[in-house]
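Residue-level structure breakdown
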Protein chains: 2
Amino acid sequence: MSIPPEAFVLPPATRGSLQQRIRQMVTEGVLAGRFRAGQKMPSSRGLAQHLGISRITVTLAYAELVSSDYLTARGRSGYYVSDSAPRAPEVPLRAPRVESAEFQRLIAGRFQGLAQIDRPADWEAYPHNFIYGQADPSLFDHQNWRLCAVRALGRKDFAALTQDYYDRDDPLLIEHVLRTILPRRGIAAGEDEVLLTLGAQNGLWITAQVLLGQGRRGAIENPGYSGLRGILSASGTETVNVDIDADGLPPDAIPKGVDVVFTTASHQCPTNATMPLERRLALLDAAGREGFVIVEDDYEFEMSFLKPVSPALKSLDTEGRVVYVGSFSKSVFPGMRLGYLVGPPSFIKAARALRLMMLRHPPGHIQRTMAYFLSLGHYDSLINRMRNAYRRRRQVMEEAILTHGLSVAGQGGFGGSSFWMKAPESVDTEVLAERLRAEGVLLEPGRAFFDPARPVRNHYRLAYSSSTPVRIPEGVAKIASGIARGLG
Amino acid sequence: MSIPPEAFVLPPATRGSLQQRIRQMVTEGVLAGRFRAGQKMPSSRGLAQHLGISRITVTLAYAELVSSDYLTARGRSGYYVSDSAPRAPEVPLRAPRVESAEFQRLIAGRFQGLAQIDRPADWEAYPHNFIYGQADPSLFDHQNWRLCAVRALGRKDFAALTQDYYDRDDPLLIEHVLRTILPRRGIAAGEDEVLLTLGAQNGLWITAQVLLGQGRRGAIENPGYSGLRGILSASGTETVNVDIDADGLPPDAIPKGVDVVFTTASHQCPTNATMPLERRLALLDAAGREGFVIVEDDYEFEMSFLKPVSPALKSLDTEGRVVYVGSFSKSVFPGMRLGYLVGPPSFIKAARALRLMMLRHPPGHIQRTMAYFLSLGHYDSLINRMRNAYRRRRQVMEEAILTHGLSVAGQGGFGGSSFWMKAPESVDTEVLAERLRAEGVLLEPGRAFFDPARPVRNHYRLAYSSSTPVRIPEGVAKIASGIARGLG
C-alpha cells in the first residue's frame with residue numbers, strides 16, 4: 001500500500017536546508033513508526049507536486065535516503081521504505097511533554113476533584129455486574145435499530161444526515177416526541193416548547209446554564225443524582241441539599257430563597273420512591289408561593305412494570321413552572337446520546353441559543369434513526385421486552401436479597417432497574433465494592449449520591465439492567481458473604 | 001392498527017371518579033387527534049392490566065363511550081374509535097401557553113441577542129448558493145460512508161455503538177487521529193493530549209469554559225469567526241479585538257493583559273490569509289513573554305489545493321503553549337458533528353471532565369464510523385475529490401469575479417472554499433443579501449465577522465463549496481448587477 005503524499009509535511013525552514021528538511025520528514029516518519037518497512041513512497045512527481053517543490057529536489061533526497069538505508073529503490077517500480085531501516089522502538093521516543101505554566105494558572109481549581117464516575121472500562125468481563133446504566137446486548141433490538149439506521153443513511157435522507165441543522169431539530173423526530181412520547185406522560189406541548197439534547201446529562205447541564213450560576217441557589221434531592229451535584233458545583237451555583245423521605249422530596253423542607261428545585265418525582269434517584277399525587281400538587285403550589293421553578297428529571301419512566309406509571313409532574317403544571325428533562329438513553333441505549341427538554345417557550349428559546357453555541361445540534365443521522373425506530377413501532381416493542389425481562393430479574397434479585405438477608409433501603413413501587421440497599425452502619429461500601437471486584441462482583445457505592453458535607457457510607461445500589469437471572473443469585477450471595485466477612 | 005395500551009395515561013384523581021377519568025383519557029385523545037377514526041382500542045384486559053385496574057371497570061367505560069359515540073363495538077373483534085366521533089379541529093385546541101414569571105427573571109439577559117446565524121432552511125432551493133459550510137451531496141462519498149456506518153452497526157461493534165463511554169473516546173478513532181491526521185499537520189501527540197468533540201464549535205466552547213470567563217480577557221482576530229464572539233460573550237469573558245492585516249494576526253498588536261489569543265493561522269477566517277512562518281514564531285515568542293496561551297482553530301486545512309499547507313502553529317510549539325482545535329465537519333459533512341482538541345495534558349484533563357458533565361461523549365456509532373472511513377482510505381479519497389472540485393470552482397468564480405469587476409478583499413494563497421469580498425463603501429451587504437434572495441442568490445454579509453463596536457458593512461463572503469461551476473457565473477453576475485443597481 002502506497003503512502004499518500006498528504007502524509008508528508010515539510011518541517012519548517014528553521015530546521016535547515018530544503019534537502020535536510022525533506023530527509024527529516026522521511027526519517028522522522030520511519031522512526032515514529034508511521035512509515036513501515038515495505039511501504040511504497042509516493043512518486044517523486046507526486047511528492048514534489050504536493051510539497052510545491054521541483055521534482056529533481058525530491059529525487060535527490062530519495063537518492064540520499066537510499067544511501068542512508070531508509071529507503072530502497074526497486075527499479076522502475078519506485079521507492080520503498082527499506083526493510084533494514086531503523087525501527088521504531090516499542091515505546092515511541094518522544095520529547096518529554098512540556099506545558100506552559102499559564103495553563104496551570106488558568107485552569108487551577110476548575111473541573112477538578114469532581115465526583116468522577118468510577119466504573120471499570122471492562123465491566124462486561126465481570127460475571128456479576130450490578131452497575132446501573134449500561135446497555136444489555138441480549139435485550140437490545142439490534143436488527144431493527146440497524147434497519148432504521150441504514151434507512152436513515154439512504155439518499156432520500158441525505159440532507160438530514162449531512163447538513164448542519166444549526167439550531168434546529170429533525171422535524172420527523174420532533175413530531176414523534178410531541179405526538180407519541182410526551183402524551184404518554186400526560187404532557188401536551190408545542191414545537192416551541194421542546195428541544196432535542198445529547199441526553200439527560202446534556203439537558204441538565206443546559207438547564208443549569210440557562211437558569212442558575214453564581215449568585216443563584218439550586219435545591220437537589222439528598223440522596224440524589226451525583227452527576228447533578230457536579231453540574232451545579234461547576235456552574236458556581238449554591239447547592240442546597242433537601243433530605244428526601246419514603247415519598248421522595250418533601251416540599252415543606254425546601255428552604256426559602258431557592259431559585260430552582262430539581263426533582264426525580266416519578267422515580268427517585270437513587271431510592272426509587274414515587275412522589276404521591278398530593279405531594280406533587282403541593283410542590284407546584286410551593287413553587288408558586290416561594291417563586292421557584294422546578295426541573296423534573298423523568299428518567300426511567302418507561303420501566304414501570306410493577307404498576308402503571310403516574311403522569312409526569314409536568315402534566316399537572318398549569319402555571320408554566322416546570323422544565324421536563326427526558327432521555328432515550330435508558331430505554332434505547334446509552335451510547336446513542338439523545339434526549340429532549342420540554343419547557344416554557346422563553347426557556348426553550350434560551351436553551352436553543354445556548355445549544356447552538358455549545359455544539360450546534362445532535363447528529364442528524366441519530367435523530368432520523370430514532371424517528372424511524374419510533375414510527376415503526378420498534379421502540380414500543382423494545383420497551384415491552386425490557387419490562388418483561390426486568391420484571392423477571394427483579395423477582396430473582398428480590399428473592400436472593402431475602403434469602404441472603406440483605407436490607408433494601410428504598411422500595412420502588414414503580415419498577416425501575418435497581419434496588420437501593422443499606423449495609424450495616426459500620427460498612428464502608430466503597431471499600432466493599434473495591435474488594436468485591438476480585439470476586440467478579442461490581443456494585444455501586446452510595447456515597448456519591450449524598451451531600452458531601454454529611455457523608456453516608458453504608459448504602460449501595462444494585463442494578464439488574466445488565467445481569468441475566470442466572471447470574472444474580474450468586475452475585476448477591478457474594479455480596480452478603482463479603483459483608484459478613486467484614487470486607488467493607 | 002391497534003393503539004398500544006401504553007398510549008393511555010390515566011388523568012390524576014383530581015379530575016373525578018375512576019370512570020370519569022377513563023372516559024376523559026379516551027375522549028381527550030380522540031379530540032386531540034391522537035386516536036383516529038377506525039383505530040382499534042386495546043382489549044379491555046390489556047388496558048386494565050396496563051392501568052392496574054379491574055377489567056370490568058374498563059368494560060363499563062368502553063360501553064359508556066360507545067353510547068356517547070366515541071367508540072364503536074364490532075362484536076368479538078373489539079372496540080374501535082368511531083367514524084362519527086367528534087373530530088379534531090384543524091388547529092388543535094390547546095390551553096393558551098402560560099409561563100411562570102420566574103423564568104423571565106432567571107433567564108433575563110442570558111443568551112439573548114447573540115448573533116444568530118441567519119440562513120434560510122431551504123438553502124438548497126436557491127440556484128446560486130454562496131453560503132459557506134453546507135454539505136455538497138454531489139461531492140460526498142455517500143456509498144462508502146454508508147458502508148462504514150453499516151459496518152459500525154455490526155454485532156462486533158455493538159459495545160462501541162451502544163455503551164456509555166462516560167469520559168472516554170473510541171480507541172480506534174483516537175488511534176487514527178494520533179497516527180494519521182495529526183502528523184499531517186506536523187503534530188505529535190499522545191493519548192492524554194487529545195479529546196474528541198462534537199465539532200470545532202464544541203471544541204471552542206469547551207476551551208473557553210476551561211480557560212476563560214468572568215475577569216479574564218480573550219483576544220480574537222478582527223474580522224474573525226462570529227461564532228467565537230458569541231462564545232466569549234456568553235461566558236462573560238472580556239473580548240479584545242485585534243485587527244488583522246494581509247498576513248493575518250499581528251503579534252505586536254496584541255495588547256497586554258490578555259489570557260488567551262484565538263487565531264486561525266493557517267487559513268484566516270474570513271479573509272483566507274495565511275500567517276507566514278516568521279510571524280508564527282513571533283506569536284509563540286510573544287506568548288512566552290506576555291504570558292498568554294494560544295488557541296489555534298485549524299479549520300479547512302485539508303482544502304489546500306493552491307499550494308501545500310503550512311504545518312500547524314502547534315507543530316512549532318515546543319513550550320506547550322498552544323491548544324489546537326480540529327474538525328471533521330468541513331471535510332466530511334457538517335451534520336456529523338465530530339472534531340478533536342489537542343493540548344497539554346492538564347488542559348485536556350479539565351476539558352474531558354467538563355465534556356463528561358456537559359454531554360458525556362460524542363455518540364459511539366459516529367466515532368466508529370469515522371474510524372473505518374479513515375482506516376479504509378475513504379477520507380483521503382474524499383479530500384482529493386473535494387480539492388479537485390474546489391480548484392475548478394475557484395477558477396470559475398475567480399474568472400467571473402474579474403469579468404464582472406467585483407473586488408476581492410482577501411487573497412487566499414492557500415485554497416479554501418470561499419472568497420472574501422469587498423463592495424463599494426456605500427453598500428450595506430446585509431441589505432444586498434436580503435434583496436438578492438429574490439433573484440435566487442444567497443451570500444453571506446460580512447458584518448457579523450467584525451467587532452460590533454466598529455461595524456463594517458460593505459464586506460461579504462462568497463463560498464463555492466455548495467455551487468457547481470455551471471451556476472457560479474450567473475450568480476456572480478447577479479451580484480455585480482445588484483451592486484450596480486444600488487440594491488445594497
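Residues numbered from 1 in each chain as written. Chains lettered and ligands numbered in written order. Predicted model: local features only at pLDDT ≥ 70, side-chain atom pairs only at ≥ 80, totals over all residues. Heavy atoms only, no water.

Residue and element names in this part refer to chain A. Counted residue by residue, strand 8 (residues 293-297) has five buried out of five residues, so it is predominantly covered. Two elements, strand 7 (residues 260-263) and strand 8, share four bridges in a ladder whose sense is parallel. Residue pairing in the sheet places valine 261 in a bridge with isoleucine 294 of strand 8. Since strand 7 and strand 8 lie parallel, the crossover through helix 10 (residues 277-290) that links them has a hand, and here it is right-handed. Both strand 8 and strand 9 (residues 322-327) contribute to a ladder of four bridges, which runs parallel. (Buried < 20%, exposed > 50% of the residue type's maximum accessible area, 1.4 Å probe, protein only. Helix = DSSP H or I, 4+ residues; strand = E, 2+ residues; numbered from the N terminus. Pairing = 2+ DSSP bridges. Right-handed = clockwise from strand over helix to strand, strands pointing away.)

Right, let's talk about helix 12 (residues 364-375) of chain A for a bit. All names here are of chain A. Here helix 12 spans 17 Å end to end across twelve residues, near enough to the 16 Å set by a 1.5 Å rise per residue. Where burial is concerned, most of helix 12 is hidden: eleven out of the twelve residues are buried. Where helix 12 ends, the next residue or the one after it, glycine 377, has phi of about 85 degrees, a positive value. (Expected span 1.5 Å × (residues − 1).)

Here the focus is the interface of chain A and chain B. Across the boundary between the two partners, chain A contributes 120 residues, which contact 120 residues of chain B. Both sides of the chain A and chain B interface together cover about 10300 Å² of buried area, and 61% of this is carbon and sulfur. The tally of links between chain A and chain B comes to two salt bridges. A salt bridge links arginine 105 of chain B to aspartate 259 of chain A; its shortest N-O distance comes to 2.9 Å. (Contact = heavy atoms within 4.5 Å. Buried area = accessible area lost by both parts, 1.4 Å probe. Salt bridge = Lys/Arg side-chain N within 4 Å of Asp/Glu carboxyl O.)

Attention now goes to the packing of helix 1 (residues 18-31) of chain A against helix 3 (residues 55-67) of chain A. Two measures define how a pair of helices packs: the angle their axes make with one another and the distance between the axes. Residue and element names in this part refer to chain A. In contact at an axis separation of 10 Å, helix 1 and helix 3 are set at 55 degrees when each is read in the N-to-C sense. By the criterion of interaxial angle, the relationship of helix 1 to helix 3 is oblique. The two elements helix 1 and helix 3 cross, and the hand of that crossing is right-handed. Contact residues: Leu18, Gln19, Ile22, Arg23, Val26 and Thr27 in helix 1; Thr57, Leu60, Ala61, Glu64 and Leu65 in helix 3. (Axes fitted to C-alpha atoms, helices over the stretch in contact; angles between N-to-C directions. Parallel < 35°, antiparallel > 145°, perpendicular 65-115°, else oblique. Left-handed = near helix turned anticlockwise from the far one by under 90°.)

Residue and element names in this part refer to chain A. Taken domain by domain, chain A comprises domain 1 (5-81), domain 2 (123-133 + 381-484) and domain 3 (142-376). Here the C-alpha centre of domain 3 lies 26 Å away from the C-alpha centre of domain 2. Taken together, the contact pairs 28 residues of domain 2 with 31 residues of domain 3. Counting every contact that joins domain 2 to domain 3 gives one salt bridge. Arginine 454 is the salt-bridge partner of aspartate 243, the closest N and O atoms lying 3.0 Å from each other. Our enumeration of links across domain 2 and domain 3 arrives at seven residue pairs in polar contact (both at pLDDT 80 or more). In terms of residue count, the dominant contributor to the side of domain 2 that touches domain 3 is helix 13 (residues 378-403) (seven residues). Of the residues belonging to the side of domain 2 that touches domain 3, the class tally is 13 nonpolar, nine polar and six charged. (Domains from an automatic or database assignment. Polar contact = N/O pair within 3.5 Å; in protein donor to acceptor, adjacent residues only side chain to side chain. Nonpolar A, V, L, I, M, F, W, Y, C, P; charged D, E, K, R; others polar.)

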